Each structure stands twice: as C-alpha cells, then as structure tokens.
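Architecture at a glance
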Amino acid sequence: MSIDTGIHVAYLVASICFVIALKGLSGPKTARGGNLIGAAGMLIAIGMTFATPGLSRFGLMAGAMVIGVAIGFPAARLVKMTAMPQMVAAFNGVGGGAAAIIAVAEFVKASPGSLAVYQVVEVLFGVIVGSVSFAGSIIAFAKLQELMTGRPITYAGQQLLNGLVGAGILGLSVAACVDPHNWLIAVIGILGLLFGVAFVLPIGGADVPVLISLLNSFTGLAVAASGFVLNSVVLVIAGTLVGASGTLLTRMMSAAMGRSLPNILFSAFGSVVTATGGAEGAEGRTVRSASAEDIAVLLAYSQKVIIVPGYGLAVAQAQHTVRELAELLEARGVDVFYAIHPVAGRMPGHMNVLLAEANVPYDELKEMDEANPEFQTADVALVIGANDVVNPAAKNSPGSPIYGMPILAVDEAHNVVFLKRSMRPGFAGIDNELLFDPKTTLLFGDAKDSLTKLVAAVKAL
Amino acid sequence: MNGGDLVTLFTVFVLAAFVGFEVISKVPSILHTPLMSGTNAVHGVVIVGAMIVLGQAQGTIEIVLGFIAVVLATLNVVGGFVVTDRMLEMFKGRQPQKPKGAGGDGGGGALGAAPAAGSTTAPASAEKAAP
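Report on the accompanying structure. (Residues numbered from 1 in each chain as written. Chains lettered and ligands numbered in written order. Predicted model: local features only at pLDDT ≥ 70, side-chain atom pairs only at ≥ 80, totals over all residues. Heavy atoms only, no water.)

Things to note about the overall build of chain A
In terms of helices and strands, chain A carries 18 helices and 6 strands. A compact globule built from 461 residues should have a C-alpha radius of gyration of about 23 Å, and chain A, at 25 Å, falls within 12% of that. In terms of overall dimensions, chain A has C-alpha extents of about 80 × 50 × 35 Å along its principal axes. Expressed as a percentage of its 461 residues, the buried residues of chain A come to 57%. Taking as baseline every contact in chain A between residues at least 6 positions apart, the subset at least 24 positions apart corresponds to 76%. (Helix = DSSP H or I, 4+ residues; strand = E, 2+ residues; numbered from the N terminus. Rg over C-alpha atoms; globule rule 2.2 N^0.38 Å. Buried < 20%, exposed > 50% of the residue type's maximum accessible area, 1.4 Å probe, protein only. Contact = heavy atoms within 4.5 Å.)

So, the interface of chain A and chain B
Contact with chain A, which involves 103 residues of that partner, is made by 92 residues of chain B. Here chain A and chain B share an interface that buries about 9,200 Å² over both sides, 74% of which is from carbon and sulfur atoms. For the pair chain A and chain B, the number of links is 1 salt bridge. Arg-32 of chain A is the partner of Asp-85 of chain B in a salt bridge, and the nearest nitrogen-oxygen pair spans 2.9 Å. Summed over the shared surface of chain A and chain B, the result is 18 residue pairs in polar contact (both at pLDDT 80 or more). The leading source of residues in the side of chain A that touches chain B is helix α4 (residues 84–109) of chain A, at 16 residues. Taken together, the residues that form the side of chain A that touches chain B break down as 63 nonpolar, 28 polar and 12 charged. (Buried area = accessible area lost by both parts, 1.4 Å probe. Salt bridge = Lys/Arg side-chain N within 4 Å of Asp/Glu carboxyl O. Polar contact = N/O pair within 3.5 Å; in protein donor to acceptor, adjacent residues only side chain to side chain. Nonpolar A, V, L, I, M, F, W, Y, C, P; charged D, E, K, R; others polar.)

Brief notes about the packing of helix α8 (residues 208–230) of chain A against helix α2 (residues 32–42) of chain B
Between two packed helices, what matters for the description is the angle formed by their axes and the separation of those axes. The N-to-C vectors of α8 of chain A and α2 of chain B enclose an angle of 25°; their axes lie 10 Å apart at closest approach. By the angle between their directions, the pair α8 of chain A and α2 of chain B is classed as roughly parallel. As α8 of chain A runs across α2 of chain B, the sense of the crossing is left-handed. Of the residues in α2 of chain B, those touching α8 of chain A at Pro-209, Ile-212, Ser-213 and Asn-216 of chain A are Met-36, Thr-39 and Asn-40 of chain B. Taken together, the residues that form the contact of α8 of chain A with α2 of chain B break down as 3 nonpolar, 4 polar and no charged. (Axes fitted to C-alpha atoms, helices over the stretch in contact; angles between N-to-C directions. Parallel < 35°, antiparallel > 145°, perpendicular 65-115°, else oblique. Left-handed = near helix turned anticlockwise from the far one by under 90°.)

Right, dumping it as structure tokens:
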C-alpha cells in the first residue's frame, strides 16, 4: 500500500469518526463518547497529514500548533460556564478565518492565469464565506462579552449599505473570474470582513443564539470550499457535514422562536422599541416588590412551583443555589420543576447545560410545549433572570418586535415572582407588561444573593 | 485538479450534505449547545488544509498566511473539543447522584466511560458530584 493510499484511508477513517461524533452528540448518553471519537478522528487526520509527500516546514507547523494549543487550551479550560457562548463564537470565527486564508494562499501560489474559472469560483467562495464568518463571529463575541452593546445597532441606510457591500462583492467576484488578480481577491476578502460586521451589527437579543448557529454552518461551508480548492476529500466531507447540520440546527432554533430566518437576519429585532422601552417603565407605574421572607412563605406553602430560568441565572452563577431552593421546597412536599424556553440564555440549550452542572435531574427540566399547560395550575411561577421569553407582548401586542415568538405562559400562573437585578428591560430591550401585573411580585438584586436569601428564609420557616 | 476530480468532490459534497441533515434530524434541545460546539470542533479539520498550505508554500506571503492559518485552525480544534467535553462532563457528573429512574443504565455507562476519558477529567467530575 503506497503512502498516498494510506493517507486516503486515514482520511476516510477520520471522516467516519466525524459522522459517528455527530451521531453521538445527538443523544445524551452517547454525547461525550461521540465527542472523543471526533477528537480521535481529528488526531488521525492531523497525524497522517504530516506524512503527506512533498510537505516541508514541519518545525514551523509544530510551532504554530504549539502557539494554538498554548492559547486555546487554557482559554477553553478556564473559561466560566457563562462565557461558553462567546467562546464557541470565537473558536468558530478562527476556523472561518483559517478557511479564508487557505483560499487566499492557494490563489497567490497559482501562477496568474493558470486557474480555471471554476477554481477561481472555489477560491472566491472560501474567501467570502470564511471572512464573513470570521468577522461576524468576532462581532458576536464582542456583543456577548459586552465589549460592545448587545442591543441591535441600526443606522439610517443600513440595509442599503449592506446591499451595496454585497453587490460590490458579487461584482468584483465576476471581475475576478474574468481576470484574476491578487489585489481583487484581497479587496473581496476585506469587503467580506466588512459585510460580516455589517450583517451582525443589527442582530441582537434573543436572536444571537440563532446567529451563532448560522455562523457555525457558514464556517463549515467555508471549510468545504477550501476542501474544493485543495482537492481534499476530508475537508469537503467534514465541512459539508457541519454546514448541513448547522443549517438544520439554525432552522430548528428559528422555528422555536416562531420566526423565519430572513426575519431574524434582516429585521433588526428590538430596535424599534429600544428608544421607548426604558421610558415607559420609568413613568411612575408601580411595581410590587417584596422581601425574601414574604416570597419564601409564598413558595413554601404552594403546591406547585415552576421555576423559569434565564440568562440572569447564568450571569449570577446561581444554578447551585436554585437547585438547593428547589430541593428544600420538594422536601416540604411542593411539586417543583423547571420550564425551559428553547432560546433562554444566549445559546440553545444553555439552561439545560447550566442546570445539569448543578446536578438538577433531567426529569425536572420540561420543555416549553410540555410546561405551558402546567402554568394554569401552578401556584407560583418563579422567574429568575428571564425576561423576553416570558413577555406576554409576544402573544398580545402585534406591534411588538417579539410578537409571534412562542413564550412560556408564565402569565397564567396564580402568582408570578420575578428575581431581577433592576427594572432594565431584557436583552432585546422590550418592556415587559407582566412586571406591572397585580399578581406579580418582584425581588430585586443579584439572582444568587436573592436565592441565597430565599433558601435561608425557607429553612427558617 | 481536473474536471473529473471536481465531479467526484461534488458527489462527496452532496452525499455529505444528506448525511449531515440525516444524522442530527432528531436531537433533543438539551443537546443543542453541545452539538453546536461539537460541530464547531469538527470544522477544525481545516487544520489539515492549513498544514498543506504551509508545507507546500513557495513564497514568503504563503508561508506567513499558512502559519497564521495553522495557528487559527489549531485554536479551533483545541478550543472546540475541550469546550464540548467540558459541557458534556457536567451531564455525566449528575448521573451517579440519581440512581432512580432512567438514569440507571446511563449511570453505569458513565462510570465505565469516566476512566477511559483520562485521569485529568475524572477527578473533576467527581468533585462536581460532591456538593
């Protein structure tokens, strides 16, 4: 067996590992094993690439890898659970960047005029999709890391500008097919970066999880394109797998929000009411706040309590405290479970991961369809750091930007308790009418402090 | 690359797209985050391309580009798999605590898998199960 054949077989094995990995990640019991199989496949692919005939500069390669590991491993290991969404965005972005660079480098290497049109098209696809994914992921990272505002950023003529940049990319791409030059590719790459920034800026709020998933599938497609450029089957397979599964995941998530993908991408979610949202709350309308002791009594003498976690729970790292409270209540005979909105938090499944960390049993986590009929008979809905996903405006006010998004029917519970840091509206910048409802009680403060007080108060009863 | 290769690659592309759709068509929302993170790690395979570019580079520009690409792709691979493993580690940590119900057979699997996952991760999950 020649070394070439050996390498191809190794890449085939790696590809099979990737498929098994994705399959494994689709089930809770097989997920971790699946991930390890994927990592094994990756090691096989990398190891056999070193044996590729005609390659040199192994020292440089190893050096680059050491740098990557030295940065990536501690970052991934030490990052807090709450910062996971932005880490996924960042690691996704660098992958897209690498794919774009590969396409550029292959174009530079080819002698002018030696590339067929279809090869130029492959390069262009890699450069454009890779750079859009890179820049878009960086902006998503900055939004989630709060390096910039998480709200949608809009300005006059935004759609027009985005359209012009897009048209510019297309026009120059056609020009590059006719007469390929290095500078044309460079300009297209820069426009791609610009487009990535411009298209992510107006996306904020509850749409960010969908965005990250979409960018993930973009990177997959960019990797597939670089596979076409390099004539590498393993890149095409793995990139396409990610592109296809990422697209499906993105669609599942936008369906969970009751919105179409184009609507999410182009409608500047929440921007319309951001200006008025804060003012309405401050107009002297009264909300009812209560002490931890009062709320502890309410909870302890209920029959059914539904906990609705949101991003605030993750920020406060209060997942262990909430489990403690739930267990105390259960010990008193209260029926307690968690209602999980598909897009609560900043990533799909964010709350599930967070609560799993605190050893909350699976069967206490109910998805939206399962949880919603239960609210009518619930004595208390305890909303912890969630806002948009329980906002009745999604059902009642057609003018609201979140109108049509399925929400948790918290408003149907007999009592609603909000643990909130302040009256600030949620990430999407939309005021929540439910806060002013007479059956709603608020407990202001950091979610963890409030829950610790509640735990102490329930214990003291 | 000739036209025949292009058709072959395109065939692979189309089939892989079907596999990608098929393989995750029924994923519970509890695993959406780890799945996204896991697919993120898989596209780190771009490192293979980055290595080829660096290894076959002919001019300084290509060497620099290839070097940057390998660094970025390594970040993608390492970060992707480690973050995913950390997320999934938490799912395992819970199961020994909850012997009742559906956790039964899964718990056995978790105990069997933990030592295989490496000595560094096993104490971490034991620690998490403690409080």
